[in-house]
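Observations on the model geometry
Single-letter residue listing:
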Amino acid sequence: YWPFDYFSCPNYIAEMFIYLSFVLLSHRSSSIFALLIWVVVNQSLSSLLTHRWYREHYRSSYPTRRAALVPFLF
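I will try to describe carefully the structure that is included in this document. Being a predicted model, the structure only gives us computed values, none of them experimental.

Focus: the overall build of the chain
Helix and strand content of the chain: three helices and zero strands. Traced from its N-terminal end to its C-terminal end, the chain shows the element sequence α-α-α. For 74 residues, the compact-globule estimate of 2.2 N^0.38 gives 11 Å, and the chain exceeds it by more than 25% at 14 Å. Seen through its C-alpha atoms, the chain measures out along the principal axes to roughly 50 × 20 × 15 Å. Per-residue burial for the chain yields a buried fraction of 26% across its 74 residues.

Some thoughts on helix 3 (residues 30-57)
The end-to-end C-alpha separation of helix 3 is 40 Å, in line with the 40 Å expected for 28 residues at 1.5 Å each. Along helix 3, the residues that are buried comprise I32, L36, V39, Q43, S44, S47, T50 and H51. Of the surrounding secondary structure, the elements contacted by the buried residues of helix 3 are helix 2 (10-25).

Things to note about the environment of V39
Within the secondary structure, V39 is located in helix 3. Apart from the residues within four sequence positions on either side, V39 is in contact with E15, M16, Y19 and S44.

Some thoughts on the side chain of S8
Structurally, S8 is set in the loop between helix 1 (3-6) and helix 2. Among the polar contacts made by the side chain of S8, one reaches the side chain of Y62 at a distance of 2.3 Å. Ignoring any residue separated from it by four or fewer positions in sequence, one finds S8 in contact with H51, Y54, Y62, R66, A67 and A68.

Cut-off values and rules
Residues numbered from 1 in each chain as written. Predicted model: local features only at pLDDT ≥ 70, side-chain atom pairs only at ≥ 80, totals over all residues. Heavy atoms only, no water. Helix = DSSP H or I, 4+ residues; strand = E, 2+ residues; numbered from the N terminus. Rg over C-alpha atoms; globule rule 2.2 N^0.38 Å. Buried < 20%, exposed > 50% of the residue type's maximum accessible area, 1.4 Å probe, protein only. Expected span 1.5 Å × (residues − 1). Contact = heavy atoms within 4.5 Å. Polar contact = N/O pair within 3.5 Å; in protein donor to acceptor, adjacent residues only side chain to side chain.

Quick look at the structure:
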(Lines give C-alpha, C1' and ligand atoms only; values in the text may rest on other atoms or scores of the structure.)
Protein backbone atom coordinates (compact mmCIF):
# COMPACT_ATOMS: atom_id res chain seq x y z
CA TYR A 1 0.00 0.00 0.00
CA TRP A 2 2.57 2.54 -1.10
CA PRO A 3 0.20 5.57 -1.33
CA PHE A 4 -0.25 5.43 2.44
CA ASP A 5 3.51 5.91 2.82
CA TYR A 6 3.23 9.38 1.32
CA PHE A 7 -0.38 10.54 1.88
CA SER A 8 -2.66 10.49 4.89
CA CYS A 9 -5.73 10.05 2.68
CA PRO A 10 -4.88 8.84 -0.82
CA ASN A 11 -8.55 8.15 -1.48
CA TYR A 12 -9.25 11.92 -1.38
CA ILE A 13 -6.56 12.56 -3.95
CA ALA A 14 -7.86 9.73 -6.12
CA GLU A 15 -11.31 11.29 -6.06
CA MET A 16 -9.84 14.59 -7.26
CA PHE A 17 -8.22 12.77 -10.17
CA ILE A 18 -11.49 11.01 -10.99
CA TYR A 19 -13.32 14.32 -11.33
CA LEU A 20 -10.43 15.78 -13.30
CA SER A 21 -10.79 12.89 -15.74
CA PHE A 22 -14.52 13.68 -16.00
CA VAL A 23 -13.60 17.21 -17.02
CA LEU A 24 -11.11 15.97 -19.60
CA LEU A 25 -13.59 13.46 -21.05
CA SER A 26 -16.64 15.72 -21.02
CA HIS A 27 -17.62 18.55 -23.28
CA ARG A 28 -16.02 20.97 -20.81
CA SER A 29 -19.20 22.64 -19.70
CA SER A 30 -19.18 25.21 -16.92
CA SER A 31 -21.15 22.92 -14.61
CA ILE A 32 -18.50 20.19 -14.72
CA PHE A 33 -15.79 22.77 -13.98
CA ALA A 34 -17.83 24.00 -11.01
CA LEU A 35 -18.14 20.42 -9.82
CA LEU A 36 -14.39 19.91 -10.16
CA ILE A 37 -13.67 23.06 -8.17
CA TRP A 38 -16.09 21.97 -5.45
CA VAL A 39 -14.53 18.51 -5.21
CA VAL A 40 -10.97 19.84 -5.11
CA VAL A 41 -11.76 22.39 -2.39
CA ASN A 42 -13.84 19.94 -0.38
CA GLN A 43 -11.35 17.09 -0.56
CA SER A 44 -8.39 19.38 0.10
CA LEU A 45 -9.95 20.70 3.29
CA SER A 46 -11.02 17.22 4.34
CA SER A 47 -7.55 15.79 3.81
CA LEU A 48 -5.90 18.65 5.71
CA LEU A 49 -8.27 18.23 8.65
CA THR A 50 -7.89 14.46 8.64
CA HIS A 51 -4.10 14.75 8.49
CA ARG A 52 -4.15 17.14 11.45
CA TRP A 53 -6.38 14.77 13.41
CA TYR A 54 -4.07 11.82 12.71
CA ARG A 55 -1.03 13.79 13.85
CA GLU A 56 -2.74 14.88 17.06
CA HIS A 57 -4.09 11.46 18.03
CA TYR A 58 -1.22 9.23 16.84
CA ARG A 59 1.78 11.42 17.70
CA SER A 60 4.28 8.72 18.57
CA SER A 61 3.40 6.23 15.85
CA TYR A 62 2.42 8.55 12.99
CA PRO A 63 5.10 8.84 10.27
CA THR A 64 6.58 12.32 10.06
CA ARG A 65 7.19 12.18 6.30
CA ARG A 66 3.52 11.51 5.50
CA ALA A 67 1.72 14.48 3.92
CA ALA A 68 -1.90 15.52 3.61
CA LEU A 69 -1.95 16.39 -0.11
CA VAL A 70 1.41 16.96 -1.77
CA PRO A 71 4.28 14.74 -0.64
CA PHE A 72 7.11 16.59 1.08
CA LEU A 73 5.12 19.89 1.13
CA PHE A 74 1.82 19.65 3.05
